[in-house]
Amino acid sequence: MHVFKGCLSGLGYFLNTLFWTVPILLLALLKLIPIVTWQKLISYLLDGCASAWIWCNSLNQDLFANTRIDIKNMPELSTKQWYLVISNHQSWVDILILQRIMHGKIPFLKFFLKQQLIYVPIIGLAWWALDFPFMRRYSRDFLAKNPHLKGKDIEATKQSCRKFKLKPVSVMNFVEGTRFTPEKWQKQQSPHQNLLKAKAGGIAFALNAMSGTLDQLVDVTIVYPHGVPTFWQFVSGQVPAVTVNVTVDDIEQSLIGDYENDPEFKVKMQQWVNQRWQDKQALIEQLQSKA
């Protein structure tokens, strides 16, 4: 039965993605016309297509996954606000869960992507059209050889983010930088039983690049009471329940600074992120005990 469900569900995801890719790519071509008002209109249409894709995926989950999503806390949110969304990361299923619980409550989730990915055939154009922010980051070694480029990477990213002042956006960041696995946890010697070490650089870069545009921080904690699932286990109906907690905080101006070149700010940012991660570990243990 699980194999049958999984195959039908997987086919549904594939067809749904294929269906919405066509109008997204067509709109992407129209968005190449360099008229700001026109591009803004196309952006709304593109986000509408992406939201419809998520809605169809959620319907697929209702039909085949049979997973109960127990939301312990859901603050008042708005599609007219600018958000930075952070979460712990354990499985590719996290993205489906995040898209589902945030659908219609905040603007369509977007991820920071490396600048080089914009040149990926077809999908790069789609990411650009959907206003995924592209970041350009130079290594210290590169800057040592090219000092005249110092600061140019953050300025280039800020330039790509200026469009977000015209239209609300939700920027997603997985603070651990990768999915949690026992092997990665052991290698890192993380002080948190259920989390990898938090990386402050990604949040600091996003906040700096967005230049104060983001209004609030949405902090999501995802717990799988029956064990972390694979994508196949989720789509084939083998995940009975997921527990989710959501908190919202205002983003203070003190969290915006030069993480790469200001040692004092870097230490402050790391302390702030580490404290959130300690609190998240305590919350995970609390949610697990009540599951």
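Okay, so let's go over this structure. In this text the structure is predicted, and so the values were computed from the model without any measurement.

Concerning the overall build of the chain
Alright, step 1. A tally of regular secondary structure across the chain gives 10 helices and 8 strands.
Alright, step 2. The globule rule puts the C-alpha radius of gyration for 291 residues at 19 Å, and the 20 Å found for the chain is close to it.
Alright, step 3. Dimensions along the principal axes, computed over C-alpha positions, put the chain at roughly 60 × 50 × 35 Å.
Alright, step 4. The buried share of the chain, reckoned over its 291 residues, is 45%.
Alright, step 5. Summing over all exposed atoms, the chain offers an accessible surface of approximately 15300 Å²; the carbon and sulfur share of this is 59%.
Alright, step 6. Distance between charge centres in the chain, computed from 31 positive and 22 negative side chains, equals 6 Å.

Focus on the packing of aromatic side chains
Alright, step 1. Inspection of the entire model under this criterion finds 4 aromatic pairs.
Alright, step 2. For the ring pair Tyr13 and Phe231, a centre distance of 5.9 Å and an interplane angle of 50° mean the geometry is tilted. Within this pair, whereas Tyr13 is found in helix H1 (residues 2–31), its partner Phe231 is found in helix H9 (residues 231–235), the two being separated by 218 residues in sequence.
Alright, step 3. For Tyr13, a relative accessible area of 9% puts it in the buried group.
Alright, step 4. The ring centre of Tyr44 lies 4.8 Å from the NZ or CZ of Lys167, which sits over that ring.

Digging into helix H2 (residues 36–65)
Alright, step 1. Between its first and last C-alpha, H2 extends 42 Å over 30 residues, near the 44 Å set by a 1.5 Å rise per residue.
Alright, step 2. Phi turns positive one or two residues past the end of H2, at Asn66, with a value near 55°.

Notes on the pattern of salt bridges
Alright, step 1. Within this structure, the stated rule accounts for 7 salt bridges.
Alright, step 2. With a shortest N-O distance of 3.0 Å, Lys72 and Asp70 are connected by a salt bridge.
Alright, step 3. The exposure class of Asp70 is partly exposed, given its relative accessible area of 24%.
Alright, step 4. Here Asp219 makes a salt bridge to Lys280, at a shortest N to O gap of 2.6 Å. Of this pair, Asp219 sits in strand S7 (residues 216–223) while Lys280 is found in helix H10 (residues 263–290), placing the two residues 61 residues apart along the sequence.

Considerations on the nonpolar core
Alright, step 1. Membership of the largest hydrophobic core comes to 31 residues, with the highest contact counts inside it found for Leu84, Ile203, Leu207, Leu214 and Met269.
Alright, step 2. If you list the elements that add at least two residues to this core, you get strand S2 (83–87), helix H8 (200–209), S7 and H10.
Alright, step 3. In terms of nonpolar packing, the next biggest core, distinct from the first, is built from 25 residues, Val93, Ile97, Met102 and Val218 among them.

Describing the side chain of Asn173
Alright, step 1. Within the secondary structure, Asn173 is located in strand S6 (residues 170–174).
Alright, step 2. Residue class for Asn173 comes out buried when judged on its relative accessible area of 15%.
Alright, step 3. Setting aside its immediate chain neighbours within four residues, Asn173 contacts Leu84, Val85, Ile86, Ser87, Gly202 and Ile203.

Things to note about the packing of H1 against H2
Alright, step 1. Remark: H1 packs on H2, axes separated minimally by 10 Å, with the N-to-C direction vectors making an angle of 175°. Classified by the angle their axes make, H1 and H2 are roughly antiparallel.
Alright, step 2. In the contact of H1 with H2, the residues fall into 17 nonpolar, 9 polar and 2 charged.

Overview of unusual backbone geometry
Alright, step 1. One non-glycine residue with positive phi stands out, namely Asn66, at about 55°.
Alright, step 2. Along the chain, Asn66 turns up in the loop between H2 and strand S1 (68–73).
Alright, step 3. You can call Asn66 partly exposed: its relative accessible area is 44%.

Details of the sheet that holds strand S3 (residues 109–111)
Alright, step 1. Strand order across the open sheet formed by 6 strands is S1-S8-S7-S2-S6-S3, with mixed pairing between neighbours. Of all the strands in the sheet, just S1 and S3 have a single pairing partner and so form its edges. Strand-to-strand twist across the sheet, computed as the mean angle between neighbouring axes with direction ignored, equals 30°.
Alright, step 2. Where helix H3 (residues 93–102) meets the sheet, its contacts fall on S1, S2, S3, S6, S7 and strand S8 (241–250), and the angle it forms with S7 comes to roughly 125°.
Alright, step 3. Of the strands in this sheet, S1, S2, S7 and S8 touch H10, which is tilted by about 40° from S7.

As for the side chain of Thr67
Alright, step 1. By the secondary structure assignment, Thr67 is in the loop between H2 and S1.
Alright, step 2. Within the local environment of Thr67, its side chain forms a polar contact with the backbone oxygen of Val239, the two atoms lying 2.6 Å apart.
Alright, step 3. The residues touching Thr67, leaving out its near neighbours within four places in the chain, are Phe234, Val239, Pro240, Ala241 and Val242.

Criteria and cut-off values
Residues numbered from 1 in each chain as written. Predicted model: local features only at pLDDT ≥ 70, side-chain atom pairs only at ≥ 80, totals over all residues. Heavy atoms only, no water. Helix = DSSP H or I, 4+ residues; strand = E, 2+ residues; numbered from the N terminus. Rg over C-alpha atoms; globule rule 2.2 N^0.38 Å. Buried < 20%, exposed > 50% of the residue type's maximum accessible area, 1.4 Å probe, protein only. Areas by Shrake-Rupley, 256 points an atom, 1.4 Å probe, with all protein chains shown as cover. Lys, Arg positive; Asp, Glu negative; His and termini not counted. Charge placed at Lys NZ, Arg CZ, Asp CG, Glu CD. Phe/Tyr/Trp six-rings, centres within 6.5 Å; stacked < 30°, edge-to-face > 60°. Lys NZ or Arg CZ within 6 Å of the ring centre and 35° of its normal. Expected span 1.5 Å × (residues − 1). Salt bridge = Lys/Arg side-chain N within 4 Å of Asp/Glu carboxyl O. Core = buried A, V, L, I, M, F, W, Y, C linked by side-chain atoms within 4.5 Å. Contact = heavy atoms within 4.5 Å. Axes fitted to C-alpha atoms, helices over the stretch in contact; angles between N-to-C directions. Parallel < 35°, antiparallel > 145°, perpendicular 65-115°, else oblique. Nonpolar A, V, L, I, M, F, W, Y, C, P; charged D, E, K, R; others polar. Pairing = 2+ DSSP bridges. Polar contact = N/O pair within 3.5 Å; in protein donor to acceptor, adjacent residues only side chain to side chain.

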